[in-house]
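# Coordinate inspection notes
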Amino acid sequence: MSAERLSVVVIGAGSTGAAVAHDLALRGLAVTVVERGAIASGTTGRNHCLLHSGGRYCVKDQESAVECIEENMILREIMPHSLELNDGFFVAVSDSDMDYMRKFLEGCEACEIPYKQLTADEARQQEPYLSENTLAAVAVPDGVFEPQRMCMAFLATAKKNNAVVKPFTEVVGLHVTGGRVHGVRVWDRISLTEYDIDTDLVVNAAGPWAEEISAMANVDVPVVPTPGVMVSMTGRYAHKVINRLNVSSDGDIVVPQRETSIIGTSSWTVDNPDYIEILEDHVQMMYDRGSEMVPILNKVEPRGIFVVARPLIGSASEDEREIARTFQCFDHAQRDNVEGFVTIAGGKTTTARAMGETTADVVCAKLGVDEPCRTKTTRLLSYRAFYRI
Ligand SMILES: Cc1cc2nc3c(=O)[nH]c(=O)nc-3n(C[C@H](O)[C@H](O)[C@H](O)COP(=O)(O)OP(=O)(O)OC[C@H]3O[C@@H](n4cnc5c(N)ncnc54)[C@H](O)[C@@H]3O)c2cc1C
């Protein structure tokens, strides 16, 4: 069937929904994005801003590590205006970190993450605020992104390809007839009116709220809202991203974002991603662990403390640090006998483009559209174009 006669509603304008909308619009489908708040007002807009090299996962979760390094390299080409390509260090500040080095380097090799070993002196020459206890460092191609700009770049390009983006438009129901989803009921939070949007297919890209949306079609998705606390400190005390050379754990990364240093993060599970308590002991852990790598962080003022939930795929009974950081796309026709409905969840903002590609492949196969993915090589419009189109 001709792609432009087919319509898709994408729920959510975080990094996932924005990338899905871009891919589908590029393949010629008529896309409408509905987002209950502003662009990137969910998890994406308040995350750690790390353009992952994959280093954090290269020992324990190599599938995620490979996804990260591949997408990191693609994003450098397609959205340079939303990235700071400042690289990252994995630093050893204890003997156990030094013991982990061999596994880490093997992981980088296995996942094809480029790396360079540095002595403590070399590392501290480049990053003078690193601890005097620094024993060694490994440089990797980490970076920093601007989450909202990233989403706006995907969506500006989608709009150029005729997508319609509706922020402040909340989905309050799905229309399901004869086992098929064929529309959404939305509440316009500006005009305070409700109306319907008919469509051929609905993509649920609602992040940690994905379960709430899928329940509207009486299906369940195994999304576990898994929050993490971050503390943004006044001042920038490293040019690069500073990671602890250990198995990814609490408080082991400092991301320089503009003139702040964001220490993160922790991990636990909640039922409701809208009301997450900021746990004081987690905040203290950020100061304690962050300052083991960059001691000045224990002396400067915090600028903000925030918390958001990852939309991880798994079960609440699993240890949340053991849940893979990769993503999954659910075709509810195959899984739950509900046609016209697809959920995408898990992953990371770094892997949003790949999540968009996987989802668009599933959607196009379902709708009989034979168009290839072109997002790997299509340079995105600047986020600045979002309001001009
Ligand atoms: C603490 C923490 C730190 C992280 N750090 C990083 C990092 O440094 N780098 C990285 O790559 N990834 C990071 N991540 C992971 C990344 O943030 C998430 O994987 C990603 O943001 C998920 O994007 P999403 O679009 O799926 O979800 P969201 O960004 O939450 O988007 C879902 C959207 O759906 C909307 N929505 C919900 N319900 C409705 C409704 N009824 N109607 C309409 N819209 C609705 C929400 O408002 C929201 O905007 C981090 C995650 C956490 C928790």
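Residues numbered from 1 in each chain as written. Predicted model: local features only at pLDDT ≥ 70, side-chain atom pairs only at ≥ 80, totals over all residues. Heavy atoms only, no water.

### Here we look at the sheet that holds strand 2 (residues 30–34)
Strand order across the open sheet formed by 6 strands is 9-2-1-13-20-19, with mixed pairing between neighbours. Each having just a single partner strand, strand 9 (164–166) and strand 19 (327–331) make up the two edges of the open sheet. Adjacent strand axes in the sheet meet at a mean angle of 15° when their direction is disregarded. Of the strand pairs in this sheet, strand 2 and strand 9 are connected by 3 bridges, and their pairing is parallel. By the bridge assignment for strand 9, V34 is matched with K166. (Pairing = 2+ DSSP bridges. Helix = DSSP H or I, 4+ residues; strand = E, 2+ residues; numbered from the N terminus. Axes fitted to C-alpha atoms, helices over the stretch in contact; angles between N-to-C directions.)

### A closer look at the pattern of salt bridges
Oppositely charged side chains can form a pair if their charged atoms are brought close together. This structure, assessed with the given rule, holds 19 salt bridges. With its nearest N and O atoms 2.8 Å apart, the salt bridge here joins R56 to D252. In this pair, R56 sits in the loop between strand 3 (50–51) and helix 2 (62–78) while D252 sits in the loop between strand 15 (241–244) and strand 16 (253–257), placing the two residues 196 residues apart along the sequence. Between E71 and R353 there is a salt bridge, with the nearest N and O atoms lying 2.8 Å from each other. Taken together, the residues E71 in helix 2 and R353 in helix 9 (residues 352–367) connect sequence positions 282 residues apart. Each of the two residues, E71 as well as R353, counts as buried. (Salt bridge = Lys/Arg side-chain N within 4 Å of Asp/Glu carboxyl O. Buried < 20%, exposed > 50% of the residue type's maximum accessible area, 1.4 Å probe, protein only.)

### Details of the domain arrangement of the chain
Considered domain by domain, the chain is made up of domain 1 (3–43 + 148–222 + 325–387) and domain 2 (50–145 + 224–313). Inter-centroid distance (C-alpha atoms) of domain 1 to domain 2 is 29 Å. Each partner contributes residues to the interface: domain 1 has 33 residues there, and domain 2 has 32 residues. Counting the surface lost from both domain 1 and domain 2, the interface buries some 2900 Å², and carbon and sulfur atoms represent 62% of this. At the boundary of domain 1 with domain 2, the tally comes to 2 salt bridges. The interface formed by domain 1 and domain 2 contains 12 residue pairs in polar contact (both at pLDDT 80 or more). Residue assignment for the side of domain 1 that touches domain 2 shows that the elements contributing at least two residues are helix 5 (147–160), strand 19, strand 20 (341–346) and helix 9. Broken down by element, the side of domain 1 that touches domain 2 gets its largest block of residues, 4 residues, from helix 5. Residue composition of the side of domain 1 that touches domain 2, grouped by class: 13 nonpolar, 13 polar and 7 charged. (Domains from an automatic or database assignment. Contact = heavy atoms within 4.5 Å. Buried area = accessible area lost by both parts, 1.4 Å probe. Polar contact = N/O pair within 3.5 Å; in protein donor to acceptor, adjacent residues only side chain to side chain. Nonpolar A, V, L, I, M, F, W, Y, C, P; charged D, E, K, R; others polar.)

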